[in-house]
Amino acid sequence: MNTSDCQSVRILLLKSFNSDVGPMDDRYVKELRSSNFIVDCIPALEFEFMNDDKLIKVLRCPDMYADLIVTSPRSCEAISNLIAQNNLSLETAQSLGLSVVGEQAGSADALSDIIINDYLENINSKPLLFLGAEEKLDILPNKLNSKAVHFIELAVYRSRKHSMLDVNLCNYLAKPLLPDYVVFFSPSIVRYSADVLKGSRLVEHSRIIAIGASTHKEMTSSSMFSDVSFNNVALLKKPDVNTLIQTLKSFSYNNNNNIENNNIKNVNNETNSNNNNHCS
């Protein structure tokens, strides 16, 4: 598929968006549109920061920990917000001495290997500090524990279903044009949207892409996809916008190594008037 062919391909992104800039400035949205895809987006998650008092102590005394583990944009946002809100000096911010490693890992499993190797090569009596969500997957902590890596967890934010998700999904389903692809960015988004999307035209007619193995696993147990062939559900193994763009452009799933399911069923031209979702 060349760039001009993308102009007729419509993508729906179900993900979280930075509250300060909104969906239009999201990197996925901008880069997909720059590749001439038609991009629709529905915010699926909202966030609330927590444990500010504990995190501010870390920022003021960064030498308490050997390294900082940050696995989400929201954890980074928690740090930057506190630096700004508490008028921490530039020297204090710089004293964190952060250099980033593992940004290309692509999964919790791969990142844990990087952390373990670095930890074993640089044995330190101080623990690592893992900043994350109140509810998170256990893949990384379990693997670190299995290798006796000393770390402390601090939840700095919690996520919840976006207050307008159901309404926005119902409004979207009422539109005549359906997307060619629907991209789910997390397991919780699959859960939160299941009631509205189950039995809908969107699930029946669009190809489904799961970002990451955990999201794909959630789909295998979700009622939303109980009547959908899993040849129509694909796993994007590397959660990266460029990988997504190249995958969408290829349109040749039989030869695409980024997709776990190689035989994606195309049902976009079928008609289905049944809509058993919760939209009224």
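Below you will find a few notes about this structure.

About the thresholds
Residues numbered from 1 in each chain as written. Predicted model: local features only at pLDDT ≥ 70, side-chain atom pairs only at ≥ 80, totals over all residues. Heavy atoms only, no water. Buried < 20%, exposed > 50% of the residue type's maximum accessible area, 1.4 Å probe, protein only. Helix = DSSP H or I, 4+ residues; strand = E, 2+ residues; numbered from the N terminus. Arc of directions from axis to C-beta. Contact = heavy atoms within 4.5 Å. Phe/Tyr/Trp six-rings, centres within 6.5 Å; stacked < 30°, edge-to-face > 60°. Lys NZ or Arg CZ within 6 Å of the ring centre and 35° of its normal. Pairing = 2+ DSSP bridges.

### With respect to helix H7 (residues 165-173)
Okay, step 1: Within H7, burial applies to Leu165, Leu169, Tyr172 and Leu173. The buried side chains of H7 occupy one side of the element, clustering within an arc of 100° when seen end-on.
Okay, step 2: Against strand E1 (10-15), strand E2 (38-43), strand E6 (151-161), helix H8 (187-197) and helix H9 (201-205) lie the buried residues of H7.

### Brief notes about the packing of aromatic side chains
Okay, step 1: Evaluation of the coordinates by the stated rule reveals 2 aromatic pairs.
Okay, step 2: Between Tyr28 and Phe185 the ring centres are 5.0 Å apart and the planes differ by 90°, which places this aromatic pair in the edge-to-face class. Of this pair, Tyr28 sits in helix H1 (residues 27-34) while Phe185 is found in the loop between strand E7 (181-184) and H8, placing the two residues 157 residues apart along the sequence. Each member of the pair Tyr28 and Phe185 is classed as buried.
Okay, step 3: An angle of 70° between the planes, with centres 5.7 Å apart, marks the rings of Phe47 and Tyr157 as edge-to-face. Residue Phe47 is located in strand E3 (residues 45-49), and its partner Tyr157 is located in strand E6; the two are separated by 110 residues in the primary sequence.
Okay, step 4: By relative accessible area, which is 23% here, Phe47 ends up partly exposed.
Okay, step 5: We classify Tyr157 as buried; its relative accessible area is 9%.
Okay, step 6: Above the plane of the ring of Phe17 lies Lys15, whose end atom (NZ or CZ) is 4.8 Å from the centre.
Okay, step 7: Positioned above the aromatic ring of Phe47, the side-chain terminus of Arg74 is 4.2 Å from the ring centre.

### Section: the pairing of strand E5 (residues 128-133)
Okay, step 1: A large share of E5 lies buried, amounting to 6 of its 6 residues.
Okay, step 2: Sheet analysis places strand E4 (residues 68-70) next to E5, joined by 3 bridges and oriented parallel. Within E5, the position partnered with Val70 by the bridge is Leu131.
Okay, step 3: Here 6 bridges tie E5 to E6, and the two strands are oriented parallel to one another. Paired with Gly132 across the strands is Ala155, a residue of E6.

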